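One letter stands for each residue in the lines below.
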Number of protein chains: 2
Amino acid sequence: MKRRFDPVGVVSDDEVEHIHNASLEVLSDIGMEFLHPKALSMWADAGAKVDDTRVRIDPELICELVAHSPAEFTLHAPDPARNVVIGGNNVVFAAVASPPNSSDVAGGRRTGNREDFRRLVMLSDVINAVHTHGGYPVEPTDIHSSIRHLEATRDLLTLSNKAVKCYSLGAQRNRDVLEMVRIVRGVTDDELDTQTSLQTIINTSSPLRLDTPMLEGIMELSSRNQLVTITPFTLAGAMAPVTVAGAVVQQNAEALAGIAFAQLVRLGAPVMYGGFTSNVDMRSGAPAFGTPEYMQAAMLGGQMARRYNLPYRSSNACAANTVDAQAAWESAFSLWGAVMGGANFVLHGLGWMEGGLCASYEKMVIDADLVNTVSLWMQPVETGADAFGLDAIAEVGPGGHFFGAAHTQARYRDAFFEPMVSDWRNFESWEEAGSPTAREKAAELVPQLLDQHEPPDLSDDVMAELNDFTERRIAEGGVETDF
Amino acid sequence: MKRRFDPVGVVSDDEVEHIHNASLEVLSDIGMEFLHPKALSMWADAGAKVDDTRVRIDPELICELVAHSPAEFTLHAPDPARNVVIGGNNVVFAAVASPPNSSDVAGGRRTGNREDFRRLVMLSDVINAVHTHGGYPVEPTDIHSSIRHLEATRDLLTLSNKAVKCYSLGAQRNRDVLEMVRIVRGVTDDELDTQTSLQTIINTSSPLRLDTPMLEGIMELSSRNQLVTITPFTLAGAMAPVTVAGAVVQQNAEALAGIAFAQLVRLGAPVMYGGFTSNVDMRSGAPAFGTPEYMQAAMLGGQMARRYNLPYRSSNACAANTVDAQAAWESAFSLWGAVMGGANFVLHGLGWMEGGLCASYEKMVIDADLVNTVSLWMQPVETGADAFGLDAIAEVGPGGHFFGAAHTQARYRDAFFEPMVSDWRNFESWEEAGSPTAREKAAELVPQLLDQHEPPDLSDDVMAELNDFTERRIAEGGVETDF
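Residues numbered from 1 in each chain as written. Chains lettered and ligands numbered in written order. Predicted model: local features only at pLDDT ≥ 70, side-chain atom pairs only at ≥ 80, totals over all residues. Heavy atoms only, no water.

K.L.:
Can you walk me through the layout of surface pockets in this structure?
P.N.:
In this approach, a probe sized like a water molecule rolls over the atoms, and the result shows the empty space that is left. Empty space within the largest pocket amounts to approximately 1,000 Å³. Forming the walls of the largest pocket are 40 residues, and the residues nearest its centre are A97(A), S98(A), E139(A), Y167(A) and N203(A). The dominant element in the lining of the largest pocket, judged by the number of residues it contributes, is strand 10 (residues 198–204) of chain A, at 3 residues. Of the voids in this model, the second largest pocket is the one considered here, and its volume is about 750 Å³. Lining the second largest pocket are 44 residues, and of these D324(A), T437(A), R439(A), T437(B) and E440(B) sit closest to its centre. (1 Å grid on protein atoms, 1.4 Å probe; cavity = no way out; pocket = protein on both sides within 12 Å on 5 of 7 lines; lining within 4 Å. Points joined across faces, edges and corners; volume = space filled by probe spheres on them. Helix = DSSP H or I, 4+ residues; strand = E, 2+ residues; numbered from the N terminus.)

Rendered as structure tokens:
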């Protein structure tokens, strides 16, 4: 999926420079907290001013480090046919990640569990608009957190051949998942170090803090040349200034600090600039998505990422509690901001609801139609003599119709996108069919899509190695948890 | 409402020229039917080849005539505060026009009638995202068609002070409505001839035909310097070639023929280039909207209009039968194609359903949020020292929050757009409130908005003159009907 037009910006190039300079001022004057002794000593060694956990970094150092980030790279999937290129004019869509709940029409809303996790992974595998996994499409909370990453990653790798993500909840989890990906890809450690095959999202604890597990995630993954996306969670009015520009100044400062740290870990490590700035409802403090401010921030984030020649991550977000009109328009506006703003990677591209608190089966199916619509709209419009159909226009003449024209007959089968969910029947036929809403039509499609799922064909050797590793680590108790 | 970025195109400038040339070839070689003796003699006098009702027009003549069309002009409303500028980077939204049915949650779907017509006019008047009327927001079919234009226009002019439209269903109707607009604007005939105050939509009978009443509409309105929008109804695969480029070649030929004819009637008469190309479902023949092909055609239409320096009209269309997710995403994608494609006028901007067969009260309220979202997104992002909020970032520091910051307190009241319909409560609160969908929330707002309606304050003299004219014309039997 390629973007074939220049991204649209919402401020001038001069204003981009002002935001850039203001962010650098934040990092040099106010500084950022890095809650990890090793990170602090690395910054001190690099010449930053370290005062307790506060790190103040000169503009030159930030810019020099960030400049080492690659503009484009490949994210390798277990199946090479599922590799995706990140950066340039590529647009990659990932499924929803990390909601604590899931819902469908049949079973309602429930706490995330392994059965739903597995079914949503299968659905994500079948839907072609999902290019990579975004993480856990729902949190399998019935697996103890000490071993959740082991069981969940084994499920992901045995149910799907699309690229996976690990959560940065401590170094050992990163290492475990990286080893599992190495096994399934059938490569050596050295090969893995030259082939980005795993990603993690690093959320800053806005304002201006990077927590211990996040810093461990950067150290583990960047040191192995794996993908780190720094995404500040800068909700304007809550964790960031109440203006779009102010929130993006802070987003930019935090993103640059994280990206610079990734380069300090390993020069040239692949990173993405993540933008997640939105606003809150100032009456309730609730986060809002798909708003005018969200669209502006998504596009401004893209302008900042391009300022540094970095791949840009955005989202397909909404705050709706059910798969109604609100869910669809907030998602469509989020996609508008992301795609027109030049996003290279759209996390939560399919299935996200409730500001991230719920994964919806029906929303995932509907988002497949939305993502495919955007994808096909970006395809080149065929031009030239045959596409113009002048012979058909002459053949039909004034007042006729084109259904029977030779030009139509030769092309009609695959002339147009056929969405899965849209109901284009007239009102009377639709009413006779029981007046189904899009949500209900999507619900009917879910079992049909799940029936199409086929697990990847992993060799016996790979399966054995993967199971041996997973079972051994589970037997060892996984990782320590602090609860 | 101003567009602050360059419109996005889907083909190269060279390809625009190829489409331009192909359209001119259609007009010179195949020609177009003009079903009106006077139009035929005007074309013959201008040097076109007229053969029975078929007119073949040389490229030079088309281009010379089209070049006389103004790039920008004002559409005067009964209240000057409601005037709108058409062209340039202005984007004007009009309410839905002409559906034969209307619906709301309370009363379901019913045949268009005067009561719904009046209520939808009042709703269109109250909603600030409606910049002008698009026509009749629902067809008042219980008014006999011989006098419908008289009663309906009187309702429009006494219930609202936004600019109105007349339907081109014969010259006398155009003349009657123009006189009613003149009365309410309180101007002379000569003044009206220099102040565009009324518009009409001219749909070609695609392929390649302009019917008698449409040609009368152009002759009546263009001769009086009123606005004529030529909108071919080129559904790809049905009334036009099955390709996007082919359908737009035909759209362009038909639009240019109509616009050139308007200039033949009066050089410099204000026109808009209308684009309405979409595709049909090739299995059923049903029209589709908000599809990838629709978006491409909307943007390609904008490129063609800009080729001629003409204001561009697009739509906010959907094919959904209820105000569900489908209605919202098809509308959002239609808006995306229109606004990013450089539309100056979005007809059916609020309230359209079912491919134009139904006006929905709830959809009109929801579309108000959609249009306002797009409008506010296009506003400049405030930049500069105070907007950046560096003091607030310093004040809050790492790990704090911005709710209490001075910067937030000074700005929070109107920091962000507050949509009418969006529900941003968390799931539990939303469920306790009865799990309302966006459609149900919009339904609750309809009576509240209607309560806000106030009729325009027309003077007694104007009211008397308007009533005298209307009653006299009704007493005369209105216009002849052929049924």
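K.L.:
Whenever I open this one, the sheet that holds strand 7 (residues 101–104) of chain A confuses me. Can you help?
P.N.:
Within a beta sheet, neighbouring strands are joined by backbone hydrogen bonds and run either parallel or antiparallel to one another. All names here are of chain A. Spatial strand order, 8-7-19-18: 4 strands in an open sheet with mixed pairing. On the outer flanks of this sheet lie strand 8 (108–111) and strand 18 (352–353), each paired with one strand and no other. Pairing analysis gives 4 bridges linking strand 7 to strand 8, with the strands arranged antiparallel. Bridging from a neighbouring strand, D104 pairs with G108 of strand 8. (Pairing = 2+ DSSP bridges.)

K.L.:
Any chance you could explain the pairing of strand 6 (residues 92–95) of chain A here in plain terms?
P.N.:
Across a regular strand the side chains alternate sides, sitting on one face of the sheet and then on the other. Residue and element names in this part refer to chain A. With burial as the criterion, each face of strand 6 is covered, one bearing V92 and A94 and the other bearing F93 and A95. As paired strands, strand 6 and strand 17 (residues 345–350) are joined by 3 bridges and run parallel to one another. Directly across from F93, in strand 17, lies its bridge partner V346. (Buried < 20%, exposed > 50% of the residue type's maximum accessible area, 1.4 Å probe, protein only.)

K.L.:
How should the relation of the copies chain B and chain A be read in this particular structure?
P.N.:
Mapping one chain copy onto the other needs a rotation about an axis and a shift along that axis. For the pair chain B and chain A, the best superposition has an RMSD of 0.0 Å and corresponds to a rotation of 180° with a translation of 0.0 Å parallel to the axis. Both copies of the chain, as the preceding transformation shows, are related through a two-fold rotation axis. Considering only C-alpha atoms, the residue of chain B closest to the rotation axis is A325(B), which sits at 2.0 Å. A share of 100% of interface residues in chain B that are also interface residues in chain A marks the association as one of identical surfaces. (Least-squares fit on C-alpha atoms with pLDDT ≥ 70 in both. Contact = heavy atoms within 4.5 Å.)

K.L.:
Hey, could you run me through the interface of chain B and chain A in this one?
P.N.:
It is common to give the size of an interface as the accessible area lost on bringing the parts into contact. Contact with chain B, which involves 111 residues of that partner, is made by 111 residues of chain A. When chain B packs against chain A, close to 9,200 Å² is buried across both sides, 73% of that on carbon and sulfur atoms. At the boundary of chain B and chain A, one finds 4 salt bridges. For E428(B), the salt bridge is made with R109(A), and the minimal N-O distance between the two is 3.6 Å. Taken together, chain B and chain A are joined by 28 residue pairs in polar contact (both at pLDDT 80 or more). (Buried area = accessible area lost by both parts, 1.4 Å probe. Salt bridge = Lys/Arg side-chain N within 4 Å of Asp/Glu carboxyl O. Polar contact = N/O pair within 3.5 Å; in protein donor to acceptor, adjacent residues only side chain to side chain.)

K.L.:
How should the pattern of salt bridges be read in this particular structure?
P.N.:
Opposite charge on two side chains permits them to pair, given that their charged atoms come into close proximity. Residues and elements named next belong to chain B. Counting across every chain of the model gives 62 salt bridges over all chains. Between D155 and R118 there is a salt bridge, with its nearest N and O atoms 2.8 Å apart. One end of the pair, D155, is in helix 5 (residues 148–159); the other, R118, is in helix 4 (residues 114–126), with 37 residues separating them in the sequence. Look at R118 and you get partly exposed, because its relative accessible area is 30%. Across the salt bridge formed by R224 and D193, the nearest N and O atoms sit 2.5 Å from each other. Of this pair, R224 sits in the loop between helix 8 (212–223) and strand 12 (227–232) while D193 sits in helix 7 (residues 189–194), placing them 31 residues apart in sequence. Using a relative accessible area of 18% as the deciding quantity, one classes D193 as buried.

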